[in-house]
Each structure stands twice: as structure tokens, then as C-alpha cells.
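Residue strings, one per chain:
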Amino acid sequence: MTKEERYTKLKEIIEPYLPEDVSAASIKPESHFIKELNINSANLVDIVLDVEDAFNITLENEDMDSMQTVGDALKIIDVKIT
């Protein structure tokens, strides 16, 4: 799976959790989950669980703590997959 494919898959995971006032087009690597995408902490946990399932990885608490932006999530996924 290429980086671009992982990014596309991650965006597909995030999109259903976006509030109505945030469009999927606003999901960028630099987008902050809470501040810019308005994803609440409960939904962020759901995203983490979906990421674990989709990429067949396990995220530790410190991974979740450092997952502030979409790009952060991609870096963590890249490390866990390889």
C-alpha cells in the first residue's frame, strides 16, 4: 500500500465523523482533528479504533496522545505498518 493509498484510506475513515459544518475537502495532512476538523474526543477514539482495524495495527496510548493532526496519524500508521 502506497502512502497515497494510506492517506486516501485514512480520509475515508475520518469523513463519517466530521460534523455537518466541515466538508471532507478540508481533510488535509496539516488538519488538526479537534481544532480544525471539529472532531470530538469520543469520535477521535472511534477513528483510532477504525484505523487499527483498517490497517491491522495496534495503537498505544502514547501514539494516540501524539495523534493531533491527520499527518501525525499517517506517520504513526507508516511506522506501525513497516
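Below you will find a few notes about this structure.

How each quantity is defined
Residues numbered from 1 in each chain as written. Predicted model: local features only at pLDDT ≥ 70, side-chain atom pairs only at ≥ 80, totals over all residues. Heavy atoms only, no water. Axes fitted to C-alpha atoms, helices over the stretch in contact; angles between N-to-C directions. Helix = DSSP H or I, 4+ residues; strand = E, 2+ residues; numbered from the N terminus. Parallel < 35°, antiparallel > 145°, perpendicular 65-115°, else oblique. Left-handed = near helix turned anticlockwise from the far one by under 90°. Contact = heavy atoms within 4.5 Å. Phe/Tyr/Trp six-rings, centres within 6.5 Å; stacked < 30°, edge-to-face > 60°. Lys NZ or Arg CZ within 6 Å of the ring centre and 35° of its normal. Core = buried A, V, L, I, M, F, W, Y, C linked by side-chain atoms within 4.5 Å. Buried < 20%, exposed > 50% of the residue type's maximum accessible area, 1.4 Å probe, protein only. Lys, Arg positive; Asp, Glu negative; His and termini not counted. Salt bridge = Lys/Arg side-chain N within 4 Å of Asp/Glu carboxyl O. Expected span 1.5 Å × (residues − 1). Arc of directions from axis to C-beta.

It is the contact of helix α1 (residues 3-14) with helix α2 (residues 41-55), at a shortest axis distance of 10 Å, that shows an interaxial angle of 140°. As the angle between them shows, α1 and α2 are arranged oblique. For the pair α1 and α2, the sense of crossing is right-handed. Two secondary-structure elements touch here, α1 through R6, K9, L10, I13 and I14 and α2 through I47, D50, V51, A54 and F55.

Next up on the list: the packing of aromatic side chains. Counting across every chain of the model gives zero aromatic pairs. Over the ring of F55 we find K9, and its NZ or CZ is 5.1 Å from the ring centre.

Right, let's talk about the nonpolar core for a bit. If you look at the biggest cluster of nonpolar residues, it comprises 24 residues, and the most contacted ones within it are I14, F33, L37 and V51. The set of elements that each furnish at least two residues to this core consists of α1, α2 and α4 (70-81). Residue contacts for F33: discarding those within four places in its chain leaves I14, N38, I39, L44, M67, Q68, T69, V70 and A73.

Further remarks concern the side chain of E52. The residue E52 is located in helix α2 in this model. Buried and without a salt bridge, E52 has K80 as its closest oppositely charged side chain, separated by 7.8 Å. Apart from residues lying up to four places away in sequence, E52 is in contact with I57, T58 and L59.

A separate point is α1. Three- or four-residue spacings in an α-helix give side chains the same orientation, since the helix completes a turn every 3.6 residues. Along its twelve residues, α1 runs 16 Å from first to last C-alpha, staying within 8% of the 16 Å computed at 1.5 Å per residue. Regarding α1, the residues found buried are R6, Y7, L10, I13 and I14. For α1, the buried positions fall inside an angular range of 120° around the axis, keeping them on one side. Facing away from the buried side of α1 by over 90 degrees, the exposed positions are E4 and E12. Contacts made by the buried residues of α1 are with α2 and α4.

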